[in-house]
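Commentary on secondary and tertiary structure
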Amino acid sequence: MIDAFLHPVSEFVTAGVEAGFAVREMGEWRADGDERPRLLSIRFGAGPGEAGP
């Protein structure tokens, strides 16, 4: 059994922003029939005013 921990999305976003990054893209994936997402992806990039892709 692998331990899993639920965290609000805001915790991940806030941690990235506080580290100087900006959110570039977010996605949620669900299996057919799922009400809640099974997977969340967050792509961070350079913060505002910084060079980055």
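A few points on the structure. Each chain has its residues counted from 1, following the order in which its sequence is written. Two thresholds apply to this predicted model, a pLDDT of at least 70 for residue-level local features and 80 or more for giving and counting side-chain atom pairs, whereas whole-chain, interface and lining totals are computed over all residues. Side-chain calculation: all heavy atoms of the structure are included, whereas hydrogens and water are not.

**Considering the overall build of the protein**
Only DSSP runs of H or I with at least four residues qualify as helices, and only runs of E with at least two residues qualify as strands; both kinds are numbered from the N terminus onward. The secondary structure content of the protein amounts to one helix and two strands. What the globule rule says is 2.2 Å times the number of residues to the power 0.38, and the radius of gyration is computed from C-alpha atoms. Its C-alpha atoms give the protein a radius of gyration of 14 Å, more than 25% over the compact-globule value 10 Å for 53 residues. Based on the C-alpha atoms only, the size of the protein along its principal axes is roughly 40 × 25 × 15 Å. In this scheme, a residue with accessible area under 20% of its type's maximum is buried, one over 50% is exposed, and one in between is partly exposed, where area comes from a 1.4 Å probe on protein chains only. Residues counted as buried form 11% of the 53 residues belonging to the protein. Counted over contacts in the protein with a minimum sequence separation of 6, partners at least 24 positions apart contribute 31%. Throughout, a residue-residue contact means that at least one pair of heavy atoms, one from each residue, lies within 4.5 Å.

**Observations concerning the pattern of salt bridges**
Any Lys or Arg side-chain nitrogen located within 4 Å of an Asp or Glu carboxyl oxygen qualifies as a salt bridge. Here the structure, examined in full by the defined rule, presents three salt bridges. Among the ionic pairs, Arg30 bridges to Glu28, the shortest N-O distance being 3.8 Å. We classify Arg30 as partly exposed; its relative accessible area is 45%. The partly exposed category is assigned to Glu28, whose relative accessible area is 46%.

**Considerations on the layout of surface pockets**
Grid points spaced at 1 Å and placed over the protein atoms alone form the basis of the search, with a cavity being a set where a 1.4 Å probe fits but cannot get out and a pocket an open set showing protein on both sides within 12 Å along at least five of seven lines. Lining residues have an atom within 4 Å of a point. Grid points are joined across faces, edges and corners, and a volume is the space filled by probe spheres set on the points. Taken as a whole, the largest pocket encloses approximately 310 Å³ of empty space. Lining the largest pocket we find Phe5, Leu6, His7, Val9, Phe12, Glu28, Arg36, Pro37, Arg38, Leu39 and Leu40. Residue assignment for the lining of the largest pocket shows that the elements contributing at least two residues are α1 (9–18) and β2 (39–46). Residue composition of the lining of the largest pocket, grouped by class: seven nonpolar, one polar and three charged. When residue character is reported, Ala, Val, Leu, Ile, Met, Phe, Trp, Tyr, Cys and Pro are called nonpolar, Asp, Glu, Lys and Arg charged, and the others, Gly included, polar.

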